[in-house]
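# Fold and contact review
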Amino acid sequence: MSRLLEAGVAPDEVDTLILSHLHSDHMIDYARLIHAAWDMSGKRIRVLGPAPIAEINERLFGSAGALAFDWAARTDYEPSQEVWRGRGGSVPRP
Ligand SMILES: [Zn+2]
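Here's a quick rundown of the structure. (Residues numbered from 1 in each chain as written. Predicted model: local features only at pLDDT ≥ 70, side-chain atom pairs only at ≥ 80, totals over all residues. Heavy atoms only, no water.)

## A short note on the pattern of salt bridges
Per the stated rule, a full pass over the model turns up 10 salt bridges. One salt bridge connects Asp39 with Arg74, and the closest N-O pair in it is separated by 3.1 Å. Taken as a pair, Asp39 in helix α3 (residues 30–41) and Arg74 in helix α5 (residues 68–76) lie far apart in primary sequence, 35 residues in all. Exposure remark for Asp39: the relative accessible area of 12% places this residue in the buried category. Under the relative-accessibility criterion, Arg74 is labelled partly exposed at 25%. The shortest N-O distance in the salt bridge between Glu78 and Arg85 comes to 3.2 Å. A relative accessible area of 34% means that Arg85 is categorised as partly exposed. What you see here is one network of salt bridges that share partners, running through Asp39, Asp70, Arg74, Arg87 and Arg93. (Salt bridge = Lys/Arg side-chain N within 4 Å of Asp/Glu carboxyl O. Helix = DSSP H or I, 4+ residues; strand = E, 2+ residues; numbered from the N terminus. Buried < 20%, exposed > 50% of the residue type's maximum accessible area, 1.4 Å probe, protein only.)

## Describing the packing of aromatic side chains
Counting across every chain of the model gives 3 aromatic pairs. Between Tyr30 and Phe61, the ring centres sit 5.9 Å apart and the planes meet at 70°, which makes this aromatic pair edge-to-face. With Tyr30 in helix α3 and Phe61 in helix α4 (residues 52–61), this pair connects stretches of sequence that are 31 residues apart. In terms of burial, Tyr30 and Phe61 fall into one category: buried. Taking 4.4 Å as the distance between ring centres and 85° as the angle between the ring planes, the aromatic pair formed by Trp38 and Trp71 counts as edge-to-face. Linking Trp38 in helix α3 with Trp71 in helix α5, this pair joins segments that are 33 residues apart in sequence. (Phe/Tyr/Trp six-rings, centres within 6.5 Å; stacked < 30°, edge-to-face > 60°.)

This is the structure:
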């Protein structure tokens, strides 16, 4: 993620992410990238990776995942919705 930003690429410019394997040094910023792309513009990044990636996604982004409270705050709370509208988005957020 740091290298991506240093290269001047915004997270929501990424269309596809390929994870060759799931070592932490290759994916420690995975949630950060997915979250940043979504929060910037609602962008969903296509992710290809070894089979456990589906379980990892659920544990990170699922309704009981690590980021569930953050998703709820950003989609359900009026101040967050105002920020989203300010960026040109509409409610409900995707
Ligand atoms: Zn490795």
